[in-house]
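Single-letter residue listing:
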Amino acid sequence: MRQQQERQGWVRRVGAWLLGAAEVEPRSLAAALGLGEEDPGLLRLRRAAPVRYARVERLHRAAQRSFEQRTRAAVCRELEHAVRTALRETAEAAEAEAAARATEAGGAGSGAAAPRTDVLRVEADAAARSLAADAALAGARGLNTGLSVGVLFSPVALVLALAAAETLPPLFGSALGCPERLTLAQALICFSGGALGAVLSVVVRLRDAPSTRPTGTGALAEASADSSTQPSTQSSAQPSAQSSAEPTAADAADAAADVPGDPVQLARLMRQEGWYRVVVGWFLAVSLFVLITGGILALLTPPAVPDGACGAGPLSAADHQALIKGFFFWGGVGFLAGLNERWAYGLLRRGGPGADAATR
């Protein structure tokens, strides 16, 4: 029983590493804090910093969809701690302001609530960075998984092709001879080169891709709308509290920060993209092999097959070198086709039957 549980735990850890953490029932920030939505402290905090609190709520919801479990737990914990701190500090500021009004001290505690919510901005910035890193990790891991599956499946596809070549011809009363076997071997080598070239193409493009940071202008509009719909329970004798509820320039910058989408969905899409890139490399490599072997694409001339390759006697040293050269040639053609599909498309345009002879 214990071994079975350990094995199941290991499978779950591997699944979480590849596919992301298991989905959980999303909780609101108030529920995570053990408070109600109409809690006086939360209402006070929403009035004091509506934009910052709305951003923390969005980040808290996004953190529950994190790709890694440790990111999910850490970000939610830090955001909840920041809200608790802000609740305590705004409550202390409100008490100080009420005491100042009671003693007619001239509003000594006015304006204290707004700067005391800076902890929300600081922790929200840190949470946004953590979630952005988590989304980048999800995309990279999904892409690597898709590419790896494609590369690992290539030998399986080769074995299946060889098995089909041995099984199907006898069903039609024929058999593969030595030249056909040699051509099939060259095609499969070209096929494998296309998969490797596609993987290298993706790696090189990711390394050269410029890093961009999208701006979340929609988040600012959403936050402004949320703040405009908050019920106003303040009287005209509290001008300082009203002014603190208005979004400042720093709050607007906070709300403009983008919250990443679902990283698990991103990882799934990138896995499909990685697999798709390998498949494209396969088809381009095989297409070039067919066009070159069939004489349609005359830009590249494959090495000649030695005369003794299918003879009854043993191969000479020159024949072995010619066969090896042919295998490397087709492997290189497949690799270049998968490495850059634009190179393959340009090659097809240049070497096609309607191409100008000067371009060949």
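Residues numbered from 1 in each chain as written. Predicted model: local features only at pLDDT ≥ 70, side-chain atom pairs only at ≥ 80, totals over all residues. Heavy atoms only, no water.

1. Side note on the overall build of the protein
For clarity, the cut-off: Helix and strand definitions follow DSSP, with helices as H or I runs of at least four residues and strands as E runs of at least two, each counted in order from the N terminus. Any two residues whose heavy atoms approach within 4.5 Å are treated as being in contact.
Per the secondary structure count, the protein includes 13 helices and 0 strands. Ordering the α and β elements of the protein from the N terminus gives α-α-α-α-α-α-α-α-α-α-α-α-α. For the protein, the share of sequence-separated contacts (at least 6 apart) that also reach a separation of at least 24 residues comes to 80%.

2. Re the confidence of the model for the protein
To keep things clear, this is the line we draw: pLDDT expresses how confident the predictor is about each individual residue, on a scale running from 0 to 100.
For the protein, per-residue confidence averages 76 on the pLDDT scale, and 74% of positions sit at 70 or higher. When pLDDT is averaged over each helix and strand of the protein, the minimum, 37, is found for helix 8 (residues 217–228) and the maximum, 91, for helix 4 (residues 50–63). Overall, residues 106–115 carries pLDDT values under 50, and its contacts beyond four positions in sequence, including any with other chains, amount to 15 contacts.

3. Let's talk about helix 11 (residues 263–293)
As a reminder of what qualifies: Given the number of residues in a helix, its expected span is that number minus one, multiplied by 1.5 Å. Contacts described as polar in this section are N or O atom pairs within 3.5 Å, which, within protein, must combine one atom able to donate a hydrogen with one able to accept it, while residues neighboring in sequence count only if both atoms come from side chains.
With 31 residues, helix 11 extends 45 Å between its outermost C-alpha atoms, agreeing within 8% with the 45 Å of an ideal straight helix rising 1.5 Å per residue. Capping the start of helix 11 is the job of one residue whose side-chain oxygen sits 3.1 Å from the backbone nitrogen of Val 264: Asp 262. Just beyond helix 11, the residue with positive phi is Gly 295, at close to 80°.

4. Quick look at the side chain of Ser 154
Here Ser 154 is to be found in helix 6 (residues 118–171). What Ser 154 contacts, discounting residues up to four positions off in sequence, is Phe 191, Ala 195 and Trp 282.

5. Quick word on the packing of helix 11 against helix 12 (residues 317–339)
Axis angle and axis distance: for two packed helices, these are the angle between their axes and the distance between the axes, and together they describe the pair. Which entries qualify depends on this criterion: Axis definition: a line fit to C-alpha positions, over the contact stretch in the case of helices; interaxial angles, taken between N-to-C directions, run 0 to 180 degrees. Each angle receives one of four descriptions, namely roughly parallel if under 35 degrees, roughly antiparallel if over 145, roughly perpendicular if within 65 to 115, and oblique otherwise. Note on convention: the crossing is left-handed when the near helix lies turned anticlockwise from the far helix by less than a right angle, right-handed when the turn is clockwise.
Following both chains from N to C, one finds helix 11 and helix 12 inclined at 130°, their axes separated by 8 Å at the closest point. In this view, helix 11 runs oblique relative to helix 12, as classed from their interaxial angle. Where helix 11 crosses over helix 12, the handedness of that crossing is right-handed. For the pair helix 11 and helix 12, the contacting residues are Gly 281, Leu 284, Ala 285, Leu 288, Phe 289, Ile 292 and Thr 293 in the first and Trp 330, Val 333, Gly 334, Ala 337 and Gly 338 in the second.

6. Side note on the packing of aromatic side chains
What counts, and what does not: Only the six-membered ring of Trp is used, alongside the rings of Phe and Tyr, when aromatic pairs are assigned; centres must lie within 6.5 Å, and planes under 30 degrees apart are stacked while those over 60 apart are edge-to-face, with the rest tilted. Note on exposure labels: buried denotes an accessible area under 20% of the residue type's maximum, exposed denotes more than 50%, and partly exposed covers the range between, all computed with a 1.4 Å probe on protein chains only.
If you walk through the whole model with that rule in mind, you get 6 aromatic pairs. Each ring, one from Phe 191 and one from Trp 282, has its centre 4.9 Å from the other, and the planes form 25°; the classification is stacked. Of the two residues, Phe 191 sits in helix 7 (residues 178–208) while Trp 282 sits in helix 11, which places them 91 residues apart along the sequence. Accessibility assignment for this pair places Phe 191 and Trp 282 in one class, buried. Cluster of aromatic residues (ring-pair linked, three or more members): Phe 153, Phe 191, Trp 275 and Trp 282.

7. Considerations on the pattern of salt bridges
Just so we agree on the cut-off: Salt bridge, as used here: a side-chain nitrogen of Lys or Arg that lies within 4 Å of a carboxyl oxygen of Asp or Glu.
Enumeration over the complete set of coordinates arrives at 7 salt bridges. Residue Asp 118 pairs with Arg 52 through a salt bridge whose shortest N-O separation is 2.7 Å. Taken as a pair, Asp 118 in helix 6 and Arg 52 in helix 4 lie far apart in primary sequence, 66 residues in all. Overall, the relative accessible area of 30% leaves Asp 118 in the partly exposed class. As a salt-bridge pair, Glu 68 and Arg 70 come within 3.2 Å of each other at their nearest N and O atoms.

8. Quick word on the nonpolar core
Rules: The definition of a nonpolar core used throughout is a set of buried Ala, Val, Leu, Ile, Met, Phe, Trp, Tyr and Cys residues joined through side-chain atoms within 4.5 Å.
Leu 45, Val 56, Leu 59, Val 83 and Leu 120 are the most contacted members of the largest nonpolar core, which totals 22 residues. Those elements that place two or more of their residues in this core are helix 2 (29–32), helix 3 (40–48), helix 4, helix 5 (69–102) and helix 6. Among the elements that make up this core, the one with the highest residue count is helix 5 (7 residues). In this structure, Ala 187, Leu 297, Trp 330 and Ala 337 belong to the second largest nonpolar core, which totals 12 residues.

9. Considering a nonpolar patch on the surface
Applicable threshold: Each patch is built from residues lacking any salt bridge and having more than 30% relative accessible area; the joining distance is 9 Å for like charges and 5 Å for nonpolar side chains (Val, Leu, Ile, Met, Phe, Trp, Tyr). In these tables, accessible area is a Shrake-Rupley quantity obtained with a 1.4 Å probe, and a residue counts as shielded only by the protein chains included in the view.
Taken together, Val 149, Phe 153, Val 156, Leu 160 and Trp 275 make up a surface patch of nonpolar side chains, about 430 Å² in accessible area. If you tally residues by element for the nonpolar patch, the top one is helix 6, at 4 residues. One can find Trp 275 in helix 11.

10. Considering the packing of helix 3 against helix 5
For the record, the criterion: Gly counts as polar in this scheme, as do all residues outside two lists: the nonpolar Ala, Val, Leu, Ile, Met, Phe, Trp, Tyr, Cys and Pro, and the charged Asp, Glu, Lys and Arg.
It is at 9 Å that the axes of helix 3 and helix 5 come closest, and there the two elements cross at 85°. By the angle between their axes, helix 3 is roughly perpendicular relative to helix 5. Along the contact surface, helix 3 presents Gly 41, Leu 42, Arg 44, Leu 45 and Ala 48, while helix 5 presents Val 83, Ala 86, Leu 87, Thr 90, Ala 91 and Ala 94. Grouping the amino acids of the contact of helix 3 with helix 5 by side-chain chemistry returns 8 nonpolar, 2 polar and 1 charged.

11. Observations regarding the environment of Asp 262
Counting through the fold element by element, Asp 262 comes out in the loop between helix 10 (249–255) and helix 11. It is 7.5 Å that separates the C-alpha atoms of Asp 262 and Ala 62, two residues lying 200 residues apart in sequence. One polar contact links the side chain of Asp 262 to the main-chain amide nitrogen of Val 264, over a distance of 3.1 Å.

12. So, helix 6
Which entries qualify depends on this criterion: Here the bend at a residue means the angle between the axes of two seven-residue stretches, the one that ends at it and the one that starts at it.
Look at helix 6: 77 Å from first C-alpha to last across 54 residues, which is about the 80 Å you get at 1.5 Å a residue. Taken as a whole, helix 6 carries its principal kink of about 30° at Ser 154; the proline Pro 155 stands between one and four residues after it. A positive phi of about 75° marks Gly 173, the residue just after helix 6.

13. Here we look at the side chain of Thr 71
Checked against the element boundaries, Thr 71 lands in helix 5. Note on Thr 71: relative accessible area 14%, which makes it buried. Thr 71 has contacts with Ser 66, Ser 130 and Asp 134, leaving out every residue within four places of it along the chain.

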